[in-house]
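Examining the three-dimensional arrangement
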Amino acid sequence: MVASDSPFVVQMQDIVKMFPGVRALDHVNFELKPGELRSLVGKNGAGKSTLMNVLAGIYQPEEGKIYVNGQLIHPMTTERARQLGIAFVHQHSQLVPALSIAENIFLGNPLTGGSGFMAWKRLNDEARKRLNTLGLEIDVERKVEDLTVAEKQIIEIAKALFANAHTIILDEATAPLPKDEVNMLFDFVRRQSQQGVAFVYISHYIEEVFELCEVVTVMRDGQIVGDYKVANLDQAELIRLISGTRVEQFHRESRNGSGKTVLEIHGLNRPGFYQDIDLVIHEGEVLGLTGLEGCGKANLARGLYCLEPLGKGQVVLNGKPYHPDEPEAALDAGVAYLPRDRHGMGIVGMRPVGENVTFSILKRLTSRFGLLDTGRERKHILSFVEKLGIKTPSVNQPVEFLSGGNQQKVVFAKLVSAEPRVLFLDEPTQGVDVQAKVEIMKIIDQLSRQGVSSVIVSEEIREMLDVCDRILVMYNGAIVAEFKVGDPNFAAEKILMAVEGEREAL
Amino acid sequence: MNNRKRIVWILNNLIWFLLLLVVLLFALLSDRFFMPMNLTNILLHSTVLGILVVGQSFVLITGNFDLSSESTLGLSALLGAWLILPKGAPTFGGGLLLSPYIGIVAILLIGLAIGWFNGFLITRLKMNNFIVTLAMLLMVRGVMMPITAGNTMARLPDEFKFLGAASFGPIPVAVIAMVIAFAVGYIILQFRPFGRSLYAVGGSPDAALAAGIDPDRRIRQAYLISGVLAAVAGLMLAGRSGVIVQNMGKGDIFEVMAACVIGGISLNGGRGSMFGAFGGVLLLSTINSGLSLLRISTFWIEIASGLIILIAMLIDSQKIRYISSQVVPLTKLEKKPSAEAVSGD
Ligand SMILES: Nc1ncnc2c1ncn2[C@@H]1O[C@H](COP(=O)(O)OP(=O)(O)OP(=O)(O)O)[C@@H](O)[C@H]1O
Ligand SMILES: [Mg+2]
């Protein structure tokens with residue numbers, strides 16, 4: 001790398017990037033100083049990921065210039081970007097699932113110990129040592145495919161840091177992370193930025209933007225709206241800049257509904273995951289289920305949808321014993337589940353938007369001879385695309401080409417299509433912009449008015465407060481606290497304390 | 001941006017353009033190409049291949065392989081004939097002398113059984129589909145040998161030969177059967193919930209599961225279909241040749257795979273249509289018959305077949321690359337790096 005007088009590590013000038021039917025980037029300028037913590041925000045499909053993909057050489061722009069340390073780089077390729085010290089931590093894992101953590105960390109520069117053979121012990125020791133410097137105590141011999149989404153993200157970020165990058169792009173890196181790990185990550189990011197590493201931080205979590213960054217760049221419809229000092233902004237103002245209009249904060253008055261019991265769980269036990277779960281869900285109720293990563297809340301939801309073993313206990317749905325043996329049976333019984341891992345479980349990326357919406361309900365869309373009524377199917381798809389505001393050039397577009405938030409809306413459309421009675425939503429607003437978040441809340445609210453119960457499994461307590469009637473807190477596999485939202489002596493702080501396992505909250 | 005759509009459309013239907021090209025080429029090279037005899041030959045050659053391809057397509061779309069289908073074809077026909085033919089020369093049957101209809105049912109059951117076993121090993125015991133069906137390819141072929149001690153079975157009854165040898169007027173029954181197989185396959189894939197869910201399974205088994213589709217069950221069903229259709233192909237081939245030999249169908253799997261891939265069925269699963277696969281079958285059969293019409297030695301035909309498989313794979317990989325990268329318009333790629341740019345090292 002050549003030293004230069006340029007005050008910027010990265011300069012992008014007049015970048016234009018076209019996709020079929022969209023001008024994803026429209027003469028965008030973007031600059032970054034060494035050690036800067038820059039946030040990049042905007043609605044779903046605003047072009048944030050595309051801009052960073054251009055910077056990292058993944059997409060070739062139609063027009064524009066990219067300078068790194070004052071030098072014009074043309075063409076920018078992924079290879080060159082890496083050599084130049086630009087690292088990209090993607091929305092979803094780019095690690096090799098079948099390899100261990102240590103192997104992934106040293107992928108591309110294996111330690112052979114001079115003999116030509118892999119020096120496994122050295123590899124593992126070295127990987128462990130490096131992760132320790134980041135304050136991570138992880139069994140480096142575990143396979144990546146066995147890790148949770150959160151763990152994968154952490155390894156990926158660590159890997160970028162080990163590669164001596166001076167500019168690190170975090171594209172919604174925190175979206176799948178539990179809160180305590182987000183804090184750990186932020187501490188780490190701050191320390192690195194003091195060492196001169198610049199970060200571009202893409203996120204839909206407005207609070208995080210305020211917490212971490214000094215300057216925020218707002219994008220809208222492929223253009224830069226402006227760079228703003230966080231100190232001069234408040235959240236409402238930033239949200240207005242992002243969406244271009246006023247977004248009314250969604251707030252649902254908590255309601256009691258009909259009070260009829262829909263789902264009842266008694267003494268449900270799954271050793272190592274959760275114990276003695278007693279739970280009643282009422283018709284039209286919106287229930288929040290929160291707790292730290294690993295507290296068992298996600299296992300419970302996945303278990304009830306037959307994606308993992310449920311354990312022993314009594315479960316009654318609509319007065320009948322509920323013992324489905326596979327997701328299809330759960331769906332038929334009226335239970336649906338929105339997975340946390342959108343890319344792995346939510347969408348079939350290579351298939352069109354339309355097919356993804358109807359995969360769960362094909363049987364219901366048949367007419368004579370058990371053949372699909374394609375006219376009815378199309379109508380159904382179009383109505384959901386419109387209702388949820390899914391931004392796509394056509395319903396035949398493969399889902400993988402949609403922006404993250406729009407993919408999530410497709411998953412939502414698929415769920416709601418199945419006309420469930422009880423919805424389990426695992427981090428439903430993940431990767432969804434402020435406006436779409438409000439839309440999703442509205443969908444949940446509307447469903448609740450039609451008698452559909454929702455269980456939101458999430459660590460976004462603030463969001464849950466806006467939509468839930470009741471919030472249950474799990475700690476170490478047990479439900480330790482229950483809060484009724486709107487209760488006179490209800491306080492959000494108490495939830496936070498219960499989440500951490502503090503008994504006084506109860 | 002309609003250009004891109006057009007390119008994708010052409011890539012998806014490339015097979016029909018290729019077929020047209022090849023037909024024109026052979027018509028120019030040989031004036032006998034358009035003779036009814038030759039056209040019928042092309043269709044006849046397509047029949048057994050076509051039935052195998054329909055079954056294979058189901059399996060491929062789920063993201064799996066069925067390499068064993070050519071052996072299934074051989075064993076099922078052999079066993080079915082063994083049940084009905086007398087002992088000793090020249091028939092070499094088992095001497096059970098069962099009715100030909102029972103023989104036909106047995107053929108189908110054997111196809112189902114092999115398909116079931118493939119599915120069982122792959123989904124219940126979680127064995128790799130490529131290896132499982134490769135092993136079955138060898139084992140099932142091996143089982144054929146001791147049954148007739150390597151002899152050729154002959155004098156098949158007419159009921160047995162109906163599918164392969166009979167015809168309605170000028171149209172062979174086999175051709176009708178193949179067209180029906182493709183049509184039904186097409187309808188199942190496009191318009192039956194079962195068929196559509198196969199694409200989800202091939203595209204992402206986990207997402208299919210979460211959408212209430214049991215990927216393992218779908219995969220087992222696909223193998224059953226492939227097994228039973230391979231058996232049908234066996235009956236057809238036996239009927240057409242009138243005899244059953246040890247190496248019946250041997251080596252067909254290459255042509256089957258080639259036809260599927262040229263026809264746009266992705267080996268990675270989740271993509272492809274019966275319509276395209278039909279085109280693939282016609283293309284291969286046309287090339288085959290065209291080359292023999294030109295009296296080109298078989299050794300060239302084999303080289304040509306190999307080449308076609310390679311070209312098919314090339315098209316498949318490039319198509320996926322094109323569709324998934326959605327890269328810049330082609331003109332932009334040719335732009336040279338500007339002079340002031342730092343050159344790569
Ligand atoms: N590979 C692609 N092919 C076609 N269109 C694409 C592709 N990638 C992005 N787009 C389109 O370009 C636009 C910008 O997408 P981009 O992914 O950059 O949005 P984003 O700001 O990152 O959104 P999100 O917050 O939802 O991740 C969208 O309209 C999207 O549909
Ligand atoms: Mg994005």
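From a predicted model like this one, the values you see are computed outputs, not experimental measurements. (Residues numbered from 1 in each chain as written. Chains lettered and ligands numbered in written order. Predicted model: local features only at pLDDT ≥ 70, side-chain atom pairs only at ≥ 80, totals over all residues. Heavy atoms only, no water.)

What about a nonpolar patch on the surface?
Short version of the rule: Candidates for patches are residues over 30% relative accessible area with no salt bridge; among them, like charges are joined within 9 Å and nonpolar side chains (Val, Leu, Ile, Met, Phe, Trp, Tyr) within 5 Å. Throughout, the Shrake-Rupley method with a 1.4 Å probe supplies accessible areas, and for residues the shown protein chains are the sole cover considered. Only one rule defines a salt bridge in this text: a Lys or Arg side-chain nitrogen within 4 Å of an Asp or Glu carboxyl oxygen. Here a strand is any run of E in DSSP of at least two residues, a helix any run of H or I of at least four, and the numbering for each starts at the N terminus.
Residues Phe299(B), Trp300(B), Ile303(B), Leu307(B), Leu310(B) and Ile311(B) make up a contiguous nonpolar surface patch of roughly 630 Å² in combined accessible area. As for its position among the elements, Ile303(B) is in helix H14 (residues 298-325).

What to know about the pattern of salt bridges
What counts is decided by this rule: The buried label applies to any residue whose accessible area, calculated with a 1.4 Å probe on protein chains only, is under 20% of its type's maximum; exposed applies above 50%, and partly exposed to all values in between.
For the coordinates displayed, the defined rule picks out 33 salt bridges over all chains. A salt bridge links Glu308(A) to Arg270(A); the nearest nitrogen and oxygen atoms lie 2.9 Å apart. Remark: Arg270(A) occurs in strand E11 (residues 261-270) and Glu308(A) occurs in the loop between helix H9 (297-304) and strand E14 (312-317); sequence separation between them is 38 residues. Take Glu308(A): its relative accessible area is 17%, and that puts it in the buried class. Judged by relative accessible area, which is 13%, Arg270(A) ranks as buried. Of the charged contacts in the structure, one is a salt bridge between Glu326(A) and Arg217(B), with a shortest N-O distance of 2.8 Å. Here the residue Glu326(A) occupies a position in the loop between strand E15 (320-321) and helix H10 (327-333), and Arg217(B) occupies one in helix H11 (residues 215-241), the pair thus bridging two chains. Residues joined by salt bridges that share partners form a network here, namely Glu326(A), Glu328(A), Asp332(A), Lys363(A), Asp214(B) and Arg217(B).

Some remarks on the domain arrangement of chain A
Residue and element names in this part refer to chain A. The following threshold applies: For the purposes of this description, domain bounds are those given by an automatic or database domain assignment. Contacts are residue-level and defined by heavy atoms, with any inter-residue pair within 4.5 Å sufficient. The quantity reported as buried area is the accessible area (1.4 Å probe) lost by two parts once they are put together, taken as the sum for both.
Domain assignment breaks chain A into domain 1 (10-243) and domain 2 (261-350 + 420-505). Domain 1 and domain 2 are separated by 31 Å when their C-alpha centres are compared. Listed as interface residues are 20 residues of domain 1 and, on the opposing side, 17 residues of domain 2. Contact between domain 1 and domain 2 buries roughly 1500 Å² in total, counting both sides, with carbon and sulfur atoms accounting for 53%.

Topic: the pairing of strand E10 (residues 223-229) of chain A
On a regular strand, each side chain points to the face opposite its neighbour's, so the side chains alternate between the two faces of the sheet. Residues and elements named next belong to chain A. Test applied: Any two strands are treated as partners once DSSP identifies two or more bridges connecting them.
As defined by bridge partners, strand E9 (residues 215-220) adjoins E10 across 6 bridges and the pair is classed as antiparallel. When the sheet's bridge partners are listed, Arg220 is paired in E10 with Gln223. Hairpin connection of E9 to E10: 2 residues between the antiparallel strands, including Asp221 at a positive phi of 50 degrees.

Some remarks on the nonpolar core
Quick note on the threshold: Throughout, nonpolar core names a set of buried Ala, Val, Leu, Ile, Met, Phe, Trp, Tyr and Cys residues whose side chains join them through atoms within 4.5 Å.
Grouped together as the largest cluster of nonpolar side chains are 182 residues, with contacts concentrated most on Leu300(A), Phe412(A), Phe424(A), Val53(B), Phe58(B), Phe182(B) and Ile244(B). Broken down by element, the residue count for this core peaks at 12 residues, all from H11(B). Within the second largest apolar cluster, 38 residues are counted, among which are Leu37(A), Ala127(A), Ile154(A) and Leu185(A).

Quick word on the sheet that holds strand E12 (residues 274-282) of chain A
All names here are of chain A. Rules: An axis is simply a line fitted to the C-alpha atoms; with a helix, the fit covers only the stretch in contact. Between two such axes, the angle follows the N-to-C directions and lies from 0 to 180 degrees.
Taken together, 4 strands build an open sheet; the order of strands is E12-E11-E14-E15 and the sheet is antiparallel. Here the strands that pair on one side only, and so sit at the sheet edges, are E12 and E15. Helix-sheet contacts for H9 involve E11, E12 and E14, and the interaxial angle to E12 is about 65 degrees.

So, the packing of helix H8 (residues 173-191) of chain B against helix H13 (residues 274-293) of chain B
All names here are of chain B. Worth spelling out the cut-off: Throughout this description, any angle smaller than 35 degrees is read as roughly parallel, any larger than 145 degrees as roughly antiparallel, any in the 65 to 115 degree range as roughly perpendicular, and the remainder as oblique. When residues are grouped by polarity, Ala, Val, Leu, Ile, Met, Phe, Trp, Tyr, Cys and Pro land in nonpolar, Asp, Glu, Lys and Arg in charged, and all others, Gly among them, in polar.
Look at H8 against H13: their axes get within 9 Å of each other, and the N-to-C directions meet at 150 degrees. On the basis of the axis angle, H8 is roughly antiparallel to H13. Every residue of H13 that contacts H8 at Met178, Phe182, Gly185, Tyr186 and Leu189 is listed here: Met274, Phe275, Ala277, Phe278 and Val281. Taken together, the residues of the contact of H8 with H13 break down into 9 nonpolar, 1 polar and no charged.

Observations regarding the side chain of Ser57(B)
Residue and element names in this part refer to chain B. Stated precisely, the cut-off is as follows: Under the rule applied, a polar contact is a pair of N or O atoms within 3.5 Å (in protein, one hydrogen donor and one hydrogen acceptor; residues adjacent in sequence only if both atoms are side-chain atoms).
Mapped onto the elements of the fold, Ser57 is located in helix H3 (residues 36-61). Side-chain polar atoms of Ser57 contact the backbone oxygen of Val53, separated by 2.7 Å. The residues contacting Ser57, other than those within four sequence positions of it, are Cys260, Ile265, Met274 and Ala277.

A word on the site of ligand 1
Put simply, the rule reads: In these notes, residues near a molecule or strand are those with any non-hydrogen atom within 4 Å of it.
Close to ligand 1 lie 20 residues, the nearest being Asn44(A), Gly45(A), Ser49(A), Thr50(A) and His204(A). Each of chains A and B places residues near ligand 1. Within the backbone of Gly47(A), a nitrogen or oxygen atom sits 3.0 Å from an oxygen atom of ligand 1. One of the side-chain nitrogen or oxygen atoms of Tyr59(A) is found 3.2 Å away from a nitrogen atom of ligand 1. Here ligand 1 has 630 Å² of accessible area as a free molecule, and 93% of this is covered by the chains. Elements supplying a minimum of two residues to the shell around ligand 1: strand E2 (22-32), helix H1 (48-55) and helix H14 (404-417) of chain A. Per-element tally for the shell around ligand 1: the top contributor is H1(A), with 3 residues.

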